Amino acid sequence: MYKIEKTGPIADKVYQMWVNAPHVARNAQAGQFLIFRIDESGERIPLTISAVDGDAVRVIFMAVGKTTTHLANLKAGDHILDVAGPLGKPSEIKKFGTCVLVGGGVGTACLPIIARALRNAGNRVIGIVGARNAGLLILEDEMGEVCDELQVSTDDGSRGFHGFAADLLKQTIAKEPVSAVWIIGPTIMMKVTAEVTRPAGIRTFVSLNPIMVDGTGMCGSCRVTVGGETRFACVDGPEFDAHQVDFNGLMQRMRTYQAEEKESLERFHDHQCRCGGNHHA
Ligand SMILES: Cc1cc2nc3c(=O)[nH]c(=O)nc-3n(C[C@H](O)[C@H](O)[C@H](O)COP(=O)(O)OP(=O)(O)OC[C@H]3O[C@@H](n4cnc5c(N)ncnc54)[C@H](O)[C@@H]3O)c2cc1C
Ligand code: FES
């Protein structure tokens with residue numbers, strides 16, 4: 001059992017949670033993830049390791065379905081049954097020169113740990129944090145601390161630059177030489193934003209989030225096509241060369257279980273109503 005040390009909302013439907021998991025905290029590297037199973041009847045859900053402090057790891061998640069809604073309802077002092085990890089390959093960290101990290105919505109959760117590692121490796125790090133509106137922006141202060149420069153965009157102009165993070169990336173690469181770019185956010189955002197760096201041939205990484213079940217390369221549910229070959233995001237990724245990823249195939253696979261996911265969330269809400277919001281009842 002893994003104790004939740006601290007938890008709470010940081011934006012609209014977005015929560016940060018610190019969980020005591022010494023085996024993960026000791027070994028975690030930038031770009032890796034863990035898998036939570038809240039209780040015996042629970043689904044396994046992958047979440048990126050967003051920060052480490054002593055024996056605790058931080059995850060940041062959006063309550064989008066049954067399990068993330070359940071997670072959002074837990075309190076400090078509650079326990080999670082299983083925490084598996086760290087899983088996946090770490091980010092490629094080395095001296096590149098100037099690196100730009102672009103986060104879209106809750107995808108920004110992945111960036112501070114990567115920014116710290118790149119800074120420690122001697123890179124200049126520019127952060128670009130985007131969201132649909134100011135209420136969905138996360139980690140602006142923390143990214144300001146771990147990056148040499150930070151730019152902010154919102155689609156509706158409610159904070160920072162009025163437009164997409166991709167527009168800020170375009171301006172940045174026009175202004176100064178950039179050696180590597182990370183883009184982490186919704187799949188469609190990663191697909192579109194990766195086109196900004198393709199003409200200049202800038203090394204660009206994306207972190208993919210296909211459906212994962214075991215997280216160890218056994219079930220095949222997380223397969224993605226990269227450079228024309230089948231790869232498993234849980235063991236070969238989750239980070240891949242953005243210019244080699246078949247995003248259309250990925251988006252199609254991610255829609256496979258939409259009806260079941262909706263039904264499962266509705267059942268969870270029904271159950272919460274019946275037991276007065278106490279799902280342990
Ligand atoms: C490597 C990796 C890292 C991730 N990191 C984060 C993170 O840091 N923060 C965050 O908010 N989300 C993250 N996700 C997505 C997160 O796992 C899903 O939001 C979560 O599983 C949804 O579960 P649910 O029951 O609440 O929603 P559901 O209603 O079951 O699903 C909602 C949507 O979540 C996705 N999803 C559902 N089940 C899975 C699964 N087993 N594996 C992957 N995706 C699934 C699907 O796109 C689905 O349409 C990550 C996914 C992967 C693969
Ligand atoms: S999650 Fe099963 S192979 Fe990747």
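Everything below is about the structure printed above this text.
The structure reproduced in this document is the subject of the present report. Quantities reported herein were computed from a predicted structural model and do not represent experimental measurements.

### Thoughts on the overall build of the protein chain
And then number 1: For the protein chain, the count of helices and strands is 9 helices and 17 strands.
And then number 2: In summary, the protein chain has a C-alpha radius of gyration of 18 Å against a globular reference of 19 Å for 281 residues, a match within 12%.
And then number 3: For the protein chain, the C-alpha atoms occupy an extent of roughly 60 × 40 × 40 Å along the three principal directions.
And then number 4: Look at the contacts in the protein chain between residues 6 or more apart in sequence, and 64% of them connect residues 24 or more apart.

### Looking at helix α5 (residues 165-175)
And then number 1: Every buried residue belonging to α5 is among Ala165, Ala166, Leu168 and Leu169, and all of these are buried. In an axial view of α5, the angular spread of the buried residues amounts to 155°, which keeps them on one side of the axis. The outward face of α5, more than 90 degrees from its buried face, is lined by the exposed residues Ala174 and Lys175.
And then number 2: The inward-facing, buried residues of α5 abut β9 (98-104), β10 (124-131), β11 (149-154), β12 (161-162) and α6 (187-197).

### Looking at unusual backbone geometry
And then number 1: Between glycine 85 and the following residue, proline 86, the backbone shows a cis peptide bond with an omega angle of 0°.
And then number 2: Assignment of secondary structure puts proline 86 in strand β8 (residues 82-87).
And then number 3: Positive phi outside glycine occurs at lysine 13, with the angle close to 65°.
And then number 4: Topologically, lysine 13 is positioned in the loop between β1 (2-11) and β2 (14-20).
And then number 5: Located in the positive-phi region is leucine 139, a residue other than glycine, with phi close to 60°.
And then number 6: Note on placement: leucine 139 falls in the loop between β10 and α4 (140-146).
And then number 7: You can call leucine 139 buried: it has 24 C-beta atoms within 10 Å.

### Structural notes on the pairing of strand β4 (residues 44-48)
And then number 1: Burial within β4 is extensive, with 4 of its 5 residues counted as buried.
And then number 2: Counting the residues that bridge the hairpin from strand β3 (residues 33-37) to β4 gives 6 residues.

### Observations concerning the sheet that holds β8
And then number 1: Pairing within the open sheet is antiparallel, and its 3 strands lie in the order β4-β3-β8. Single-partner strands in this sheet number two, and they are β4 and β8. Each strand of the sheet is rotated relative to its neighbour by a mean of 25°, with strand direction disregarded.
And then number 2: Two strands pair when backbone bridges link them, and β3 and β4 are joined in this way by 5 bridges, in the antiparallel orientation. Bridge pairing links isoleucine 35 to proline 46 in β4.

About the cut-offs
Residues numbered from 1 in each chain as written. Chains lettered and ligands numbered in written order. Predicted model: local features only at pLDDT ≥ 70, side-chain atom pairs only at ≥ 80, totals over all residues. Helix = DSSP H or I, 4+ residues; strand = E, 2+ residues; numbered from the N terminus. Rg over C-alpha atoms; globule rule 2.2 N^0.38 Å. Contact = placed C-beta atoms within 7 Å. Buried ≥ 20, exposed ≤ 12 C-beta atoms within 10 Å, placed from the backbone. Arc of directions from axis to C-beta. Pairing = 2+ DSSP bridges. Axes fitted to C-alpha atoms, helices over the stretch in contact; angles between N-to-C directions.

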